[in-house]
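# Analysis of the macromolecular model
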Amino acid sequence: MEIKSAEFVISNTNVKKCPEGNKPEYAFIGRSNVGKSSLINMLTAKKGLAMTSQKPGKTMLINHFIINDEWYLVDLPGYGFAQRGKEGRENIRKIIESYILMREQLTCLFVLLDCRHSPQKIDLEFMEWLGENGIPFAIIFTKTDKISKGRLADNTEVYKKKLLETWEELPPILFSSSEKKEGRDEILDFIDNINQSVKE
């Protein structure tokens, strides 16, 4: 899929104020510092479309971007950012949960994981919650340029084994490096394939 246009539409904390209509939505979420904004900028080929920051955990809103006037890319707040304080974390949790559970247009949620780390409890619990609520999601391992191909394969295998302890089948798994612009075509093709099947 070629991205011809990518425009910011709206930011809000209330799912009821998200854009109307039935265009499919693909949302991106992950823990702080997983490279979400960089990935979104890489996918849309627009530097600065999603705000990157030296301080992780800056996304506090549901951000909608319209792509090719056909579908929405949605930038969600990261989960589990300790420095927000209890009240801040609770507010973010409510924003995330209300969007994921109430947004009928949500077609697929991309859960971003830093490929350098072993399976983290917070990520596993979040994906478990998605499964319990029947939310379709795919995993994107980010920052693949930061480790060797061998270590990436090993880490991926460890993750798959851990997931299969509780899942009957694995979600789709994709890989990306924003720095090296790798994984862009695969992720966009994945979205395009779903869009085509939705139309049928």
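Residues numbered from 1 in each chain as written. Predicted model: local features only at pLDDT ≥ 70, side-chain atom pairs only at ≥ 80, totals over all residues. Heavy atoms only, no water.

Next up on the list: the packing of aromatic side chains. What the rule picks out here adds up to 10 aromatic pairs. Summarising the aromatic geometry, the rings of F141 and Y159 are spaced 5.4 Å apart at their centres and angled 70° between planes, so their arrangement reads as edge-to-face. Residue F141 is found in strand β6 (residues 137-142), and its partner Y159 is found in helix α4 (residues 149-163); the two are separated by 18 residues along the sequence. The exposure class assigned to F141 is buried, which follows from its relative accessible area of 3%. Y159 gets classed as buried once you look at its relative accessible area, which sits at 2%. Ring geometry for F141 and F175: centres 5.7 Å apart, planes at 20°, overall stacked. Placement of the pair is F141 in strand β6 and F175 in strand β7 (residues 173-175), with a sequence separation of 34 residues. In textbook terms, an aromatic cluster arises when at least three aromatic residues are bridged by ring pairs, as seen for Y26, F28, W71, F110 and F190. (Phe/Tyr/Trp six-rings, centres within 6.5 Å; stacked < 30°, edge-to-face > 60°. Helix = DSSP H or I, 4+ residues; strand = E, 2+ residues; numbered from the N terminus. Buried < 20%, exposed > 50% of the residue type's maximum accessible area, 1.4 Å probe, protein only.)

Bringing the nonpolar core into the picture now. Formed by 34 residues in total, the largest nonpolar core has its most connected members in Y99, I100, L109, V111, F126 and M127. The set of elements that each furnish at least two residues to this core consists of β2 (25-30), β3 (62-67), β4 (71-75), α2 (85-102), β5 (106-114), α3 (121-132), β6 and α4. Not counting the four nearest positions on each side in its chain, Y99 is found in contact with V15, C18, E25, A27, I62, H64, V74, L76 and L106. Listed in part, the 25 residues of the second largest apolar core include A6, A50, F65 and L112. (Core = buried A, V, L, I, M, F, W, Y, C linked by side-chain atoms within 4.5 Å. Contact = heavy atoms within 4.5 Å.)

Within the element layout of this structure, T44 appears in helix α1 (residues 36-44). Residue classification places T44 among the buried residues on the basis of a relative accessible area of 4%. There is a polar contact of 2.9 Å between the side chain of T44 and the backbone oxygen of I40. Not counting residues within four places of it along the chain, the set of residues in contact with T44 comprises I3, A6, L49, I67, L73 and R184. (Polar contact = N/O pair within 3.5 Å; in protein donor to acceptor, adjacent residues only side chain to side chain.)

We now examine the sheet that holds β4. Taken in spatial order, the 7 strands make up an open sheet running β1-β3-β4-β2-β5-β6-β7, and their pairing is mixed. The open sheet has two free edges, formed respectively by β1 (6-12) and β7, since each of these has just one partner strand. Neighbour to neighbour, the strand axes of the sheet diverge by 25° on average, direction disregarded. In this structure, β1 lies alongside β3, joined through 6 bridges in antiparallel fashion. If you follow E7 over to β3, its bridge partner there is I66. (Pairing = 2+ DSSP bridges. Axes fitted to C-alpha atoms, helices over the stretch in contact; angles between N-to-C directions.)

Our next topic: the confidence of the model for the protein. Looking at the protein, pLDDT values average 90 and 92% of them are 70 or higher. Within the model, pLDDT remains below 50 along residues 53-57, and this stretch shows 7 contacts once partners closer than five positions in the same chain are excluded. (pLDDT = per-residue confidence, 0-100.)

With that out of the way, let us pick up the environment of S176. Along the polypeptide, S176 turns up in the loop between β7 and α5 (184-199). Not counting residues up to four positions away in its chain, the partners in contact with S176 are L39, M42, I140, F141, T142, K143, T144, E182, G183 and I187.

We now examine the packing of α3 against α4. One way to put it is that α3 packs onto α4 with a least axis distance of 12 Å and a crossing angle of 50°. In terms of orientation, α3 lies oblique with respect to α4. In the crossing of α3 with α4, the sense of the turn from one axis to the other is right-handed. Only Y159, K162 and L163 of α4 make contact with α3, whose side of the interface consists of D123, L124 and M127. (Parallel < 35°, antiparallel > 145°, perpendicular 65-115°, else oblique. Left-handed = near helix turned anticlockwise from the far one by under 90°.)

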